[in-house]
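# Reading the structure
Spelled out, the chains give:
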Amino acid sequence: MQQLPYVIRLYVIPCTVLLTHNNAFKKKKVMILTADEATFYSLPPLPERILPIVRKNRYPPYGLRKIEAMTNSIILPPSKIRKPDILGIYVNDPLALTQPSLAIKEAFGENPRFYYSFQKFSAKIRELKSRFKFKVIVGGPGAWELVEKKEEAWIDTIVVGEAENVIHEAITEEGIIKGTPAEKFYPIKAPSAMAEVEVMRGNRKIPREVILSEMKIQSIQGKVNLISPDLFSYGDEEEIISLLKMSSEFGKVFFNQISLKGISKIDLRRVSRILNLNEKNYRTPVLSKEPGLCNVEVEGDEIKELNNNFIYPMIFVPTDSISSLEGYKALVIPLPSDGDNYYEALYKSWNISRKIIKNRIMISLIDKIILKNKETKGEFLRKLNVRSPIFLVQLFSLLLKS
């Protein structure tokens, strides 16, 4: 099974860490939840030389908020970590092993920003552990990547899977702890990045009172982002419509993922009307074949129906399937494969994806960059550095081209 793309896994439920439980300790201890800088502030995954200046998210990741809600822990940014008793670290894709991360590496010649952020953060925690004695517990959607990494000896416990039922075990024991499906769901107590609200976890629906509580909290951001393996598999059509109507009372409604299987269950015209979708107010959820999967075999009729209702899906496809998406509106992400000229795949994908973007200046500039990258067989993006004085010369040269 393909791993979920980075942008989606930011929303995937706290398979996270752990920290303290009310009855876990007889003595009070300082318990801190954090993440590396790029993950903590939800920074874009593109290499820093491409986007050197980005806006940090005001709120911490949803996964940390979920653990905070069921524990007495404190969330702190990585820069403020000093000497905890127990440190819980949330990870998304720390070693950049997912398909989307491999696509970024193929296109830009280096790993995503969060890979280097995690390496830097790891060094800091190692240094702290050499001076102070404290326990480190790691969890999150990307925890599986660290299971076999013997060099990460600074990690005492790794939680793989859902944390709710194994929090006490994670605190008191060491090694690899496998989470089990949660029996109880805890609503967050404060806003999280990107206004996420989990409505499904696997095949389980989150209780409506938990969803409602989180929507009220996230509404301070003027939006709610419904997180599930497939929104259209939430229930029958009336259940889905009811959920969307309730969600729209708290601001603009987004949703992270849908599947071809789920589309057949819903009248998309009703979804479009409730969310007031149009050419300027469209949605770009990840489209998969089955709930929870990443890539999808193209189904033209379904994509056409989505487009007719202003849903322009993000689709991860093998490079040999890109041409089948021509004529549709979608954000197309080619998946790297052996023997392919990835720069050619990027060029074909961009010519489809560009239909969604409304800013003509941006379209013109990206057009020239992607074409230049194709002409140089991928070297342009591998060497592009917007922080370099040479970039201004390159940019001026591209803009002068007809």
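Residues numbered from 1 in each chain as written. Predicted model: local features only at pLDDT ≥ 70, side-chain atom pairs only at ≥ 80, totals over all residues. Heavy atoms only, no water.

### Concerning the nonpolar core
As a reminder of what qualifies: The term nonpolar core refers to a set of buried residues drawn from Ala, Val, Leu, Ile, Met, Phe, Trp, Tyr and Cys, joined through side-chain atoms within 4.5 Å. The buried label goes to any residue with under 20% of its type's maximum accessible area, the exposed label to any with over 50%, and the partly exposed label to all in between, with areas taken from a 1.4 Å probe on protein chains only. Elements are defined by DSSP. Helices are runs of H or I of four residues or more, strands are runs of E of two residues or more, and each kind is numbered from the N terminus. Should any heavy atoms of two residues lie within 4.5 Å, those residues are counted as being in contact.
Grouped together as the largest cluster of nonpolar side chains are 55 residues, with contacts concentrated most on Ile211, Met215, Leu226, Phe232, Leu243 and Leu244. In terms of residue count, the dominant contributor to this core is helix 8 (residues 237–248) (five residues). Once residues within four sequence positions are removed from consideration, isoleucine 211 is found in contact with Val197, Glu198, Val199, Ile206, Tyr234, Leu243 and Met246. Counting 22 residues, the second largest nonpolar core, distinct from the first, contains Ile67, Met70, Ile137 and Val159.

### Quick notes on the packing of helix 7 (residues 208–218) against helix 8
Note the cut-off: To get an axis, a line is fitted to the C-alpha atoms, and for a helix only the part in contact is used. The angle between two axes follows their N-to-C directions and goes from 0 to 180 degrees. Note that the term roughly parallel is reserved for angles under 35 degrees, roughly antiparallel for angles over 145, roughly perpendicular for angles of 65 to 115, and oblique for everything else. Here a crossing is called left-handed whenever its near helix is offset anticlockwise from the far helix by less than a right angle, and right-handed whenever the offset is clockwise. In this classification, the charged set is Asp, Glu, Lys and Arg, the nonpolar set is Ala, Val, Leu, Ile, Met, Phe, Trp, Tyr, Cys and Pro, and all remaining amino acids, among them Gly, are polar.
Packing of helix 7 against helix 8 brings their axes to within 11 Å, and their N-to-C directions diverge by 25°. By the angle between their directions, the pair helix 7 and helix 8 is classed as roughly parallel. At the point where helix 7 passes helix 8, the crossing takes the right-handed sense. Contacts between helix 7 and helix 8 pair Arg208, Ile211, Leu212 and Met215 from the former with Glu239, Ser242, Leu243, Met246 and Ser247 from the latter. A breakdown of the residues in the contact of helix 7 with helix 8 according to their chemical character gives five nonpolar, two polar and two charged.

### What about helix 4 (residues 99–108)?
The following threshold applies: Note that the arc is computed from the directions linking the helix axis to the C-beta atoms.
By the burial criterion, the buried members of helix 4 are Pro100, Ser101, Ala103, Ile104, Ala107 and Phe108. For helix 4, the angular spread of the buried residues around the axis is 155°, confining them to a single face. After helix 4 finishes, the residue glycine 109 shows a positive phi value of roughly 75°.

### So, the pattern of salt bridges
Oppositely charged side chains can pair when the atoms bearing their charge come close. To keep it simple, the criterion reads: The term salt bridge refers to a pairing of a side-chain nitrogen on Lys or Arg with a carboxyl oxygen on Asp or Glu at a separation within 4 Å.
Counted under the stated rule, the structure contains 19 salt bridges. Here arginine 201 and glutamate 162 are joined by a salt bridge, their closest N and O atoms 2.8 Å apart. Pair noted here: arginine 201 is in strand 8 (residues 200–201) and glutamate 162 is in the loop between strand 5 (157–160) and helix 6 (167–172), with a separation of 39 residues, a long-range link. Each member of the pair, arginine 201 together with glutamate 162, is buried. Glutamate 279 is the partner of lysine 358 in a salt bridge, and the nearest nitrogen-oxygen pair spans 3.1 Å. Here glutamate 279 lies in the loop between helix 10 (268–274) and strand 13 (286–288) and lysine 358 lies in the loop between helix 12 (342–353) and helix 13 (360–375), a separation of 79 residues in the sequence. Judged by its relative accessible area of 32%, glutamate 279 falls in the partly exposed class.

### Points about a negative patch on the surface
Under the convention used in this document: Nonpolar side chains (Val, Leu, Ile, Met, Phe, Trp, Tyr) are joined into patches within 5 Å and like charges within 9 Å, using only residues with over 30% relative accessible area and no salt bridge. Accessible surface area values rest on a Shrake-Rupley calculation with a 1.4 Å probe, where residue burial reflects the displayed protein chains alone. Here the positive residues are Lys and Arg and the negative ones are Asp and Glu; neither His nor the chain ends is included. Every charge is mapped onto a representative atom, which is NZ of Lys, CZ of Arg, CG of Asp or CD of Glu.
Taken together, the side chains of Glu106, Asp320, Asp338 and Asp340 make up a negatively charged region of the molecular surface. Turning to its location among the elements, glutamate 106 is positioned in helix 4.

### A look at the pairing of strand 10 (residues 223–227)
Threshold: Note on pairing: DSSP must find at least two bridges between two strands before they are called paired. Orient the strands so they point away from the viewer, and a crossover whose first-strand-to-second-strand path over the helix runs clockwise is right-handed.
Taken across its five residues, strand 10 has four buried, putting it largely inside the fold. The sheet contact formed by strand 7 (residues 196–198) and strand 10 spans three bridges and is parallel. Within the sheet, the bridge partner assigned to glutamate 198 lies in strand 10 and is isoleucine 227. Between strand 10 and its parallel partner strand 11 (residues 252–255), the chain crosses via helix 8, and the hand of that crossover is right-handed.

### Focus: the side chain of glutamate 214
Its location among the elements puts glutamate 214 in helix 7. With sequence-adjacent residues up to four places away left out, glutamate 214 is seen in contact with Tyr62, Lys66, Tyr186, Pro187, Ile188, Glu196, Val197 and Glu198.

### Looking at the confidence of the model for the protein chain
To be explicit about the condition: Scored from 0 to 100, pLDDT records how confident the predictor is in each individual residue.
Looking at the protein chain, pLDDT values average 88 and 88% of them are 70 or higher. Across residues 1–26, where pLDDT falls below 50, the model places 121 contacts with residues more than four positions away in sequence or in other chains.

### Notes on unusual backbone geometry
Of note in the backbone geometry, serine 42 takes a positive phi value of approximately 50° without being a glycine. With respect to the helices and strands, the residue serine 42 is situated in the loop between helix 2 (37–40) and helix 3 (62–69). Look at lysine 377: it is not a glycine, yet its phi comes out positive at around 55°. For lysine 377, the position within the fold is in the loop between helix 13 and helix 14 (379–383). The exposed category is assigned to lysine 377, whose relative accessible area is 60%.

### Here's the deal with the sheet that holds strand 10
Pairing is parallel in the open sheet, where three strands are placed in the order 7-10-11. Two strands close off the open sheet at either side, each with one partner strand: strand 7 and strand 11. The sheet shows a mean angle of 30° between the axes of neighbouring strands, taken without regard to direction. Bridging between strand 10 and strand 11 involves four bridges; their strand directions are parallel. Its bridge partner lying in strand 11, leucine 226 is registered against phenylalanine 255. Contacts between helix 8 and the sheet are confined to strand 10 and strand 11, with strand 10 contributing the most and set at about 150° to the helix.

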